[in-house]
Amino acid sequence: MEYLVDAFGDSAQLIFGLDREIYGIVGRSVFFALTATFLAALFGVPFGFLIGTRRFRGRSGLLTVMNTLMALPTVVIGLLAYGFFSRRAPLGFLDLLFSPTAVIIGEFILSLPIIANLTVSAVQAVDPRAILTAKTLGAGRAMTAWTILMEARFSLLAAIIAGFGRAVSEVGSAMMLGGNIRFYTRTMTTAIALETSKGEFGFGLALGFFLLLVVFSINILFHFLQVKDRQ
Amino acid sequence: MMNEIGKMVQLELRNVTHYYNGKIVLDIPHLSIERGKIYGVVGPNGSGKTTLLSIMNLLIRPTTGQVFFDGKPINYEDNSRLDIQRSMALTLQTPYLFNTTVEGNIAYGLRARGNPRKNWTAIVDDALQKVGLRGLAKRRARELSGGESQLVAIARALVIDPKILFLDEPTANVDARHIRGLQEVIAAINGDRGTTIVLTTHDLSQAYRVAHHVFPLFEGRLVPSTMHNLFSGEIKASPDGESHFHKPRGYHRLQGALRLQRQESIRGYNHPSG
């Protein structure tokens, strides 16, 4: 019990003492995850929209693959990306391994299927009369598409938040692609894993607190937007 | 575009049929819609009313046959179809209001036509006043009642100043309190703007109250008007299986009397004080 109390004390000291390393790791993690989520949304939302609104051969097969990718272990992503980015690999000349870019790419690959899949569901859940109404009012293809996205905006936001949640909380690919380099590629999750294994439980606990805080903040924001929409 | 008897035909269907899952749902050898008139399409559920409106509104392409607008055949392959479609408006039986404000809904058609945002407020307020919902512009659209939603859908159609307004069962989901007001709005749109209106309903008396011409539709086919049947009692089946209407003596005089009665009824809606 004393061990836990000491750990909580240490973590409080790090948090309220505005420890530079802790806050640096938190900022870096959020930045990596936000960038990866932004890029994944940029590709995933239009891709999900197309799959959700079009009927074509092989669509159900593609959806099955996308569903499978949602549950892909993060270390497998790290492993595959490592295979491309390591020095002797096809993309080795880009010199990306153990860089922030590699971490962002890994997180992008993890978020993309989640955002795309949930976009498919969000778009399919829009009342078909919305499309019909848009057309009867003279909307062209682009405006009709925008209308569908706007009608599904809260489900889309939920999809993007889920993508961010996956990116910010993953550890496998960040560890393999970023190398957990201090002040450079170390994220909250990789730091928690490392510091705890070193016996610095208080440090891990402080980062765990921030990780939870990030996730809670996003959910509160989402709830606030939903309430605002209903008003 | 004048037809052979000098009427201003705005929309025309020739030999139009439509199939759904291999079954014929609409078979209209000929139908012409004159400019500035109100038409009522009457029929039971499943008679093809909505399909007919969707074809007239160019939302769906008929399986066979041709649709003409202002005398020109519709080309479904090029952008001219969208331009023509933008000169019409359709409100659905259960109108869908976008998840935004009443103003956002009504301005939708303006946005689609590139009308500058600074003009929207005045146009929206004017449309709301016409349908009797003044002051509701900032209200969330999803908070409205069925009757109010229908009126907002009509206002949304009105702001784009359509040449033809299609109303699919406009009073189907409206409580009795709002039905009379809605009928007055329909008559006023036609009276003030000369907008051609095609509405569907399963209420024959309502169709006769509101429309200049009533087309009964049954199993996808236009059949002789019930009023005609009532006064003539002469629908005869020929050996080819088709029903043919035989005009009785004094038919034209009777038609004139019915027309006069309808015009008076419509005038009554334009001037509801009586």
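Our structure is the block above this text.
Residues numbered from 1 in each chain as written. Chains lettered and ligands numbered in written order. Predicted model: local features only at pLDDT ≥ 70, side-chain atom pairs only at ≥ 80, totals over all residues. Heavy atoms only, no water.

Observations regarding the overall build of chain B
The test is simple: Counting from the N terminus, the helices are DSSP H or I runs at least four residues long and the strands are E runs at least two residues long. Residue contacts are counted whenever heavy atoms from the two residues lie within 4.5 Å of one another.
In terms of regular secondary structure, chain B is built from ten helices and twelve strands. In chain B, of all internal contacts separated by at least 6 residues, the share reaching a separation of at least 24 is 68%.

Some details on the packing of helix α2 (residues 20-53) of chain A against helix α5 (residues 100-124) of chain A
Residues and elements named next belong to chain A. Quick reminder of the rule: Note on definitions: angles span 0 to 180 degrees between N-to-C directions of axes, and those axes are lines fitted to C-alpha atoms, for helices only across the stretch in contact. By definition, turning the near helix anticlockwise from the far helix through less than a right angle yields a left-handed crossing, and turning it clockwise yields a right-handed one. Only Asp, Glu, Lys and Arg are considered charged, only Ala, Val, Leu, Ile, Met, Phe, Trp, Tyr, Cys and Pro nonpolar, and every remaining residue, Gly among them, polar.
Running from N to C, α2 and α5 point in directions that differ by 35 degrees, and their axes come no closer than 6 Å. Judged by the twist between their axes, the crossing of α2 over α5 is right-handed. Tallied by class, the residues present in the contact of α2 with α5 amount to 21 nonpolar, nine polar and one charged.

Quick look at the pattern of salt bridges
Filter applied, for reference: Any Lys or Arg side-chain nitrogen found within 4 Å of a carboxyl oxygen on Asp or Glu counts as a salt bridge. We call a residue buried when its accessible area falls under 20% of the maximum for its residue type, exposed when it is over 50%, and partly exposed in between, using a 1.4 Å probe and counting protein chains only.
Under the definition given, this model contains 17 salt bridges over all chains. Between Asp27 of chain B and Arg221 of chain B there is a salt bridge, and its shortest N-O distance comes to 3.5 Å. Of this pair, Asp27 of chain B sits in strand β2 (residues 23-34) while Arg221 of chain B sits in strand β10 (residues 221-222); the two residues are 194 residues apart in sequence, bridging distant segments of the chain. Given the relative accessible area of 22%, Asp27 of chain B is considered partly exposed. Look at Arg221 of chain B and you get partly exposed, because its relative accessible area is 37%. One network of salt bridges, in which partners are shared, links Glu21, Arg182, Arg186, Glu195 and Lys198 of chain A.

What to know about the interface of chain A and chain B
Counted only if it meets this: The term buried area refers to how much accessible surface (probe radius 1.4 Å) is lost by two components on association, counted for both of them together. Pairs of N or O atoms within 3.5 Å make up the polar contacts considered here, provided that, within protein, one atom can donate a hydrogen while the other can accept it, and that residues adjacent in sequence are counted only when both atoms are side-chain atoms.
Counting residues at the interface gives 20 residues for chain A, matched by 24 residues for chain B. Carbon and sulfur atoms make up 57% of the surface buried where chain A meets chain B, a total of about 1,800 Å² over both sides. Applying the counting criterion to the chain A and chain B interface returns one salt bridge. Across the pair Arg142 of chain B and Glu151 of chain A runs a salt bridge whose closest N-O atoms are separated by 3.1 Å. Scanning the region where chain A abuts chain B turns up nine residue pairs in polar contact (both at pLDDT 80 or more). Residue assignment for the side of chain A that touches chain B shows that the elements contributing at least two residues are α6 (128-136), α7 (141-151) and α11 (201-230) of chain A. Looking at which element gives the most residues to the side of chain A that touches chain B, the answer is α6 of chain A, with seven residues.

Topic: the layout of surface pockets
To keep things clear, this is the line we draw: Space inside and on the surface of the protein is sampled on a 1 Å grid over the protein atoms alone, with a cavity defined as a set of points where a 1.4 Å probe fits but cannot get out and a pocket as an open set with protein on both sides within 12 Å along at least 5 of 7 lines; lining residues have an atom within 4 Å of a point. Grid points are joined across faces, edges and corners, and a volume is the space filled by probe spheres set on the points.
Its boundaries defined by the atoms lining it, the second largest pocket holds a volume of some 570 Å³. Of all the secondary structure elements, the ones that give two or more residues to the lining of the second largest pocket are α2, α6 and α7 of chain A together with α2 (80-85) of chain B. Broken down by element, the residue count for the lining of the second largest pocket peaks at four residues, all from α7 of chain A. Residue composition of the lining of the second largest pocket, by class: nine nonpolar, five polar and six charged.

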